[in-house]
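Remarks on the overall topology
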Amino acid sequence: FLDEKIICSGSTMGEQVAMEAYLRAFATEFDLTQCLAKGCDQGLHNYLYYASKLKGVKGISKVVLHEQGKGNVNNLAGLRGKSLADWGIFKRDGD
């Protein structure tokens, strides 16, 4: 999965039943790895997605990944390549 885009684990949302199922899957993977290094949450989050570990999990009907800069939630650190106005997120005075 080294060539895949990193998905921010802090931008995860869904219905309660789906989030509970996600957290159970997350905890299971943590228990298997016992990872204590900084950033393990990000790694486990990405592993669950890219290894398709959430497909077919009871309570999760679908997983939707929005491209950075699109959708309702964005990681502002991931938008550093352009200004917020250039991304269409913030309008300058007079626009």
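Right above here is the structure, for reference.
Quick summary incoming for the structure in this document. From a predicted model like this one, the values you see are computed outputs, not experimental measurements.

Cut-off values and rules
Residues numbered from 1 in each chain as written. Predicted model: local features only at pLDDT ≥ 70, side-chain atom pairs only at ≥ 80, totals over all residues. Heavy atoms only, no water. Disulfide = S-S within 2.5 Å. Buried < 20%, exposed > 50% of the residue type's maximum accessible area, 1.4 Å probe, protein only. Core = buried A, V, L, I, M, F, W, Y, C linked by side-chain atoms within 4.5 Å. Helix = DSSP H or I, 4+ residues; strand = E, 2+ residues; numbered from the N terminus. Contact = heavy atoms within 4.5 Å.

1. What to know about the state of the cysteines
In a disulfide, the sulfur atoms of two cysteines are covalently bonded to one another. The final tally for this structure, using the stated rule, is 1 disulfide. Two residues, Cys35 and Cys40, share a disulfide whose sulfurs are 1.7 Å apart. Handedness of the Cys35-Cys40 disulfide follows from its S-S torsion of about -50°: it is left-handed. Accessibility expressed as a relative area gives 27% for Cys35, which makes it partly exposed. Free of any disulfide, Cys8 has its nearest cysteine sulfur in Cys40, 15 Å distant.

2. With respect to the nonpolar core
Of all hydrophobic cores here, the largest spans 10 residues; its members are Ala18, Met19, Ala21, Tyr22, Ala25, Phe26, Leu44, Leu48, Leu54 and Ile60. Breaking this core down by element, the ones donating at least two residues are α1 (16–33) and α2 (40–50). Of the residues forming this core, the biggest block, 6 residues, is contributed by α1. Not counting the four nearest positions on each side in its chain, Tyr22 is found in contact with Thr12, His45, Leu48, Leu54 and Ile60.

3. Things to note about the side chain of Ser9
Structurally, Ser9 can be placed in the segment before α1. Residue classification places Ser9 among the buried residues on the basis of a relative accessible area of 17%. When residues no more than four places from it in sequence are discounted, the contact partners of Ser9 are Asp41, Gln42 and His45.

Such coordinate-based values are descriptive only and should not be taken to indicate function.
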